[in-house]
Amino acid sequence: MKRHEKRYLNVLGEIMKLLYYPGCTLKTSATNLEKSAFAIVEALGHEMVEMEDWNCCGVVASLTDDDLMHHLAPLRSLIHVEDQGENKVITLCDMCCNTLKQTNLRVKENPDDLETLNLFMDRENDYKGTVEVLHFLEFLRDEVGFDVIKKKVKKPLKDIKIMPYYGCMLLRPREVAIDDAEEPTILSDLLSALGAEVVDNPFKIECCGSYHTVENKELVSKRAHRITTFATERGADAMVLSCPLCKFNIDTRGKEAEKMFESYKQIPVFYYTQLIAIALGLDPEICGFDDHAVNPIILLKNKEVALE
Amino acid sequence: MKKKLESNKEINAIKFKKGGLAAEVQELSGENVFACYQCGTCSAGCPFIDDMDLGPDEAIRYVILDRKEVLNSNTIWMCASCYTCAERCPRDLNITKIMEALRQIVLRKKIDRTKVVKISKKEKETIPQLAFVSLFRKNIG
């Protein structure tokens, strides 16, 4: 079925049942992303269930041609999606999404590699290559539709200027990207649907510093400072993003940057799911704002959005 | 211009035949480094260029010239695989894969970049899990 046909069915009000792959971080440091996503799905009248027997995806895709071993972990999860009789799986984490998609692509393009991997795993069924991996944002855009979300907005995010920040994993490499690598619009389209004002910025596609946050905190703080400064100079009140690692790096390491740069102030960072939840008029409790280094509640109160 | 790079005994001990470095990079990455025409687009867009001792284009030049000191540069470890250079390369070289190949040449000699014991308990509790998994995947063989 083509995308627009699916959309057509959904506009008619069909309830979609989705299978969801969490990944390690969604169960630990990004529970607020998971919780708000589940709340949105429910508010939109669909259903999302966690898949059975998932394991860590490995976070980064294996990039050497001779290394098949590191494709095993993501492949195993894809096999379990097939075992459940499904052909689609939704991810919330950008890095999981990227890794699962890259493995899926590699085994689909290289039947020999797939055979080797299938033969290696004794206790698993063979992977047939039927699974489609979708990022939750992709699902909201292509199968729910931002126009549908717009109609359900109860508390528009009026007068809030927000800069979309994509990072790397949604956009690159191009084979698994969900939008254009240099000029993505998916988050700005979503922000417009929610009634917020979009602040565009060339830094939206730049890396946040990724895993250097473990060994090289200052480097990541500097990156957060650079990205945020550009946003604030253009009048942004907040930033919106989708990746749990970007969120930690910009929010927490950005907060630490306040000590490194004089008169620098970190602006709040939202997950897109939290903004949708607020705009749909859901209980702000589910957003888990307490886990943020810079609590966005103050901004929302100042702008008189939601929150009594 | 000759740049001064750090020197690591273990890395210096890695041996190649003449032209072997480029051949190994090509085998691991599937990319032909000789296709690079040194335009510097990768270095211009690299978010970590300020902290690198060699630009990505220079690192590739080192490989072409069979200079294995490139394995001592911090460039290959600063690269966080954000794919920006790979996306922009006018020769359509996947530089991200070339950097991974250079890291793998070192890691496969059992030379780890990250020492796990140095990470404090507090950091282990506050930093998101995916940061650790990716760091260990990239820096430990």
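Note that the coordinates shown come from a computational prediction; the quantities given were computed from them, not determined experimentally.

## A word on the overall build of chain B
A tally of helices and strands in chain B yields nine helices and zero strands. Sequence-ordered secondary structure for chain B, helices as α and strands as β, is α-α-α-α-α-α-α-α-α. For 141 residues, the compact-globule estimate of 2.2 N^0.38 gives 14 Å, and the C-alpha radius of gyration of chain B, at 15 Å, lies within 12% of that figure. With respect to the three principal axes, the spread of C-alpha positions in chain B is 45 × 35 × 30 Å.

## Describing helix α7 (residues 95–107) of chain B
All names here are of chain B. Here α7 contains 13 residues, and its C-alpha end-to-end distance of 18 Å stays within 8% of the 18 Å for a straight helix at 1.5 Å per residue. In terms of residue burial, α7 counts as a mostly covered element, since 12 of its 13 residues are buried. Three or more residues of α7 are buried, namely Ile95, Thr96, Lys97, Ile98, Met99, Glu100, Ala101, Leu102, Arg103, Gln104, Ile105 and Val106.

## A look at the domain arrangement of chain B
Accessible area lost on assembly of the parts is the figure often given for the size of an interface. One can read the domain layout of chain B as domain 1 (17–109) and domain 2 (114–141). If you average the C-alpha positions of domain 1 of chain B and of domain 2 of chain B, the two centres end up 24 Å apart.

## Considering the environment of Asp94 of chain A
Residue and element names in this part refer to chain A. Checked against the element boundaries, Asp94 lands in helix α4 (residues 94–109). With 52 residues separating them in the primary sequence, Asp94 and Glu42 have C-alpha atoms 22 Å apart. Non-local contacts of Asp94, meaning those with residues more than four positions away in its chain, are made with Gly167, Met169, Leu170, Ser242 and Cys243.

## Overview of the interface of chain A and chain B
The interface of chain A with chain B comprises 34 residues on the first partner and 31 residues on the second. At the level of secondary structure, the elements contributing two or more residues to the side of chain A that touches chain B comprise α9 (212–215), α10 (217–233) and α11 (244–257) of chain A. The leading source of residues in the side of chain A that touches chain B is α9 of chain A, at four residues. Taken together, the residues of the side of chain A that touches chain B sort by class into 18 nonpolar, nine polar and seven charged.

## Some points on the domain arrangement of chain A
Residues and elements named next belong to chain A. Its domain assignment divides chain A into domain 1 (3–137) and domain 2 (149–302). On a C-alpha basis, the centres of domain 1 and domain 2 stand 24 Å from each other. Contact with domain 1, which involves 22 residues of that partner, is made by 24 residues of domain 2. The biggest single contributor to the side of domain 1 that touches domain 2 is helix α2 (residues 31–43), with nine residues. In terms of residue class, the side of domain 1 that touches domain 2 is built from 11 nonpolar, eight polar and three charged.

## Observations regarding helix α3 (residues 72–83) of chain A
Residues and elements named next belong to chain A. For α3, which comprises 12 residues, the first-to-last C-alpha distance of 16 Å matches the rise-based estimate of 16 Å (1.5 Å per residue) to within 8%. Where α3 is concerned, the buried positions are Pro74, Leu75, Arg76, Ser77, Leu78, His80 and Val81. Of the surrounding secondary structure, the elements contacted by the buried residues of α3 are β1 (17–21), β3 (88–91), α4 and α5 (111–120). One or two positions beyond α3, positive phi appears at Gly85, with a value near 75°.

## Overview of the pairing of strand β2 (residues 47–50) of chain A
Residues and elements named next belong to chain A. The pairing of β1 with β2 spans four bridges and is parallel. Bridge assignment links Tyr20 to a residue of β2, and that residue is Glu50. What joins β1 to β2 is α2, and the crossover it makes is right-handed.

Procedures and definitions
- Residues numbered from 1 in each chain as written.
- Chains lettered and ligands numbered in written order.
- Predicted model: local features only at pLDDT ≥ 70, side-chain atom pairs only at ≥ 80, totals over all residues.
- Helix = DSSP H or I, 4+ residues; strand = E, 2+ residues; numbered from the N terminus.
- Rg over C-alpha atoms; globule rule 2.2 N^0.38 Å.
- Expected span 1.5 Å × (residues − 1).
- Buried ≥ 20, exposed ≤ 12 C-beta atoms within 10 Å, placed from the backbone.
- Domains from an automatic or database assignment.
- Contact = placed C-beta atoms within 7 Å.
- Nonpolar A, V, L, I, M, F, W, Y, C, P; charged D, E, K, R; others polar.
- Pairing = 2+ DSSP bridges.
- Right-handed = clockwise from strand over helix to strand, strands pointing away.

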